[in-house]
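Chain by chain, the residues:
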Amino acid sequence: MIVIAHRGGSGLGGVENTLDVFKKAIELGVDMVEFDVRRTKDDALIVFHNASINGRRLAEMTYSEIQEETAKNGYSVPTFVDVIKYCHNKVFMDIEIKETGYEERVVNILHEYLDYDEYSVKSFYDITPYRIKKLDSNITVGLLLGRKDADFKMRYNEIFPLRRLKACLADFVCPCPMLMLFSFTRRMTHYGYPVYVWTVNNKYLMWFFIRFTKVAGLITDRPDVMKTFLHGKC
């Protein structure tokens, strides 16, 4: 089973989505590092999870302004290029695109710095994997499921996502644990979609997925704990 360090492994110490925590995950020997990409006011692509910082929206801030804010808390926000250059030839990258509208730019950057077997791209927005796949069919893309704001119809289509997966040209699917109902993994793998579950931090849930399911991998803030389970030390 694949160990995927969520935001670089935010439970490893240090600040998530920074080069420092990616270094820790790589030294631990994880299979993949997962991270988030957003765009700033001055069109910089950065690796950062939240849509705002200290009450200000990232989309309304320049990269320089963001760096000034994070410096107050003692860390620096890396650019997308910073991260892929650092992780190149060290670890597989699971890239989450947090917004829409800059898919082509992401693809161009990936073409410039990486080979196809070094990364995958996913999003909660169906249009993003679709656009990326149309730009380059060789790129592996996935659909995230488990939106907090989902109404009944959306939640149903997350538990039974086959139509969406086909429409957005996804190669894999990433559900949250609460969607793992009605033989979700069996249904998805039957149709050729590997399942990567996010974000699994509870050690009992981690143990359950490892022992009793055929999911392809787990996205976790605690890749160190997961690796201990996989090595049979718990």
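Along every chain, residues carry numbers that run from 1 in the direction the sequence is written. Note on the predicted model: pLDDT of at least 70 is required for a residue's local features to be given, and 80 or more for side-chain atom pairs to be given and counted; whole-chain, interface and lining totals, by contrast, use all residues. To obtain the side-chain values, all non-hydrogen atoms of the structure were used and water was disregarded.

A.B. asks: Teacher, can you tell me more about the packing of aromatic side chains here?
C.D. replies: Here the distance between the centres and the angle between the planes together describe a pair of aromatic rings. In this scheme Phe, Tyr and Trp rings, the latter by its six-membered ring, pair at centre separations within 6.5 Å, and the angle between planes marks the pair as stacked below 30 degrees, edge-to-face above 60, and tilted otherwise. Per the stated rule, a full pass over the model turns up nine aromatic pairs. Between Phe35 and Phe80, the aromatic rings sit 6.4 Å apart at their centres with planes inclined by 55 degrees, giving tilted as the arrangement. Remark: Phe80 occurs in helix H3 (residues 80-87) and Phe35 occurs in strand S2 (residues 32-39); sequence separation between them is 45 residues. Its relative accessible area of 0% is what places Phe35 among the buried residues. Throughout, exposure labels follow a simple rule: accessible area from a 1.4 Å probe, protein chains only, divided by the maximum for the residue type, with under 20% read as buried, over 50% as exposed, and the rest as partly exposed. Residue Phe80 is classed as buried on the basis of its relative accessible area of 0%. A centroid spacing of 5.1 Å and a plane angle of 40 degrees characterise the contact between Tyr156 and Phe160, whose relative ring orientation is tilted. The helix and strand labels rest on DSSP assignments: H or I over at least four residues marks a helix, E over at least two residues marks a strand, and numbering proceeds from the N terminus.

A.B. asks: Looking at this structure, how should I read the side chain of His6?
C.D. replies: With respect to the helices and strands, the residue His6 is situated in the loop between strand S1 (2-5) and helix H1 (19-28). Judged by its relative accessible area of 9%, His6 is buried. Among all residues touching His6, those that are not within four sequence positions of it are Glu34, Thr199, Ile219, Thr220 and Asp221. It only takes one pair of heavy atoms within 4.5 Å for two residues to be counted as in contact.

A.B. asks: How should I be thinking about unusual backbone geometry in this particular structure?
C.D. replies: For residues other than glycine, phi is negative in most cases, and the peptide bonds are mostly trans. In the Ramachandran plot, Asn54 falls in the positive-phi region, its phi being about 50 degrees despite a non-glycine side chain. Considering the arrangement of structural elements, one finds Asn54 in the loop between strand S4 (52-53) and strand S5 (56-57). Positive phi, normally seen in glycine, also occurs at Leu169, with a value near 65 degrees. Position of Leu169 relative to the elements: it lies in the loop between helix H7 (162-167) and strand S9 (172-175). Residue classification places Leu169 among the partly exposed positions, given a relative accessible area of 29%.

A.B. asks: It is not clear to me how the side chain of Thr185 should be interpreted in this structure. Could you clarify?
C.D. replies: Position of Thr185 among the secondary structure elements: in helix H8 (residues 184-190). With a relative accessible area of 10%, Thr185 lands in the buried category. The contact partners of Thr185, leaving out residues within four places of it in the chain, are Met180, Val195, Lys214 and Val215.

A.B. asks: Would you take a moment to explain the pairing of strand S6 (residues 92-97) for this structure?
C.D. replies: When a strand is regular, its side chains alternate between the sheet's two faces. With five of its six residues buried, S6 lies for the most part within the structure. Between any two strands, at least two bridges found by DSSP are needed for them to pair. Examined bridge by bridge, S2 and S6 share six bridges and lie parallel to one another. Counterpart to Asp36 in the pairing with S6 is Glu96. Where S6 meets strand S7 (residues 119-123), four bridges bridge the pair, whose relative direction is parallel. Each bridged residue has a counterpart across the sheet, and for Asp94 the counterpart in S7 is Ser120. Crossovers are marked right-handed if the path from the first strand over the helix to the second runs clockwise, as seen with the strands pointing away from the viewer. With respect to chirality, the unit in which S6 leads through helix H4 (residues 103-113) into the neighbouring parallel S7 is right-handed.

A.B. asks: Would you mind showing me how to read H3 here?
C.D. replies: Along an α-helix, a turn takes 3.6 residues, which lines up residues three or four apart on a common side. Within H3 the residues assigned to the buried category are Phe80, Val83, Ile84 and Cys87. Angular distribution of buried residues about the axis of H3 spans 90 degrees; they occupy a single face of the element. Count one or two residues on from H3 and you reach Asn89, which has phi positive near 65 degrees. Working note: the arc is built from the helix axis to C-beta atom directions.

A.B. asks: Honestly, the state of the cysteines in this entry has me stumped. Any pointers?
C.D. replies: Two cysteines form a disulfide when their sulfur atoms are joined by a covalent bond. Throughout, disulfides are identified as pairs of cysteine sulfur atoms within 2.5 Å of each other. Per the stated rule, a full pass over the model turns up zero disulfides. With no disulfide of its own, Cys174 lies closest to Cys176 among cysteine sulfurs, the gap being 11 Å. Assessed through its relative accessible area of 1%, Cys174 is described here as buried. Among the residues examined, Cys176 registers a relative accessible area of 7% and is labelled buried.

A.B. asks: Looking at this structure, how should I read the nonpolar core?
C.D. replies: Grouped burial of nonpolar side chains is what soluble globular proteins tend to show. By size, the foremost hydrophobic cluster in this structure holds 52 residues, and its most contacted members are Val33, Phe35, Phe80, Met93 and Ile95. Residue contacts for Met93: discarding those within four places in its chain leaves Val33, Phe35, Ile84, Cys87, His88, Leu114, Glu118, Tyr119 and Ser120. We call a set of buried Ala, Val, Leu, Ile, Met, Phe, Trp, Tyr and Cys residues a nonpolar core when their side-chain atoms join them within 4.5 Å. The next biggest cluster of nonpolar side chains, apart from the first, holds ten residues, and it includes Ile46, Phe48, Ile66 and Tyr75.

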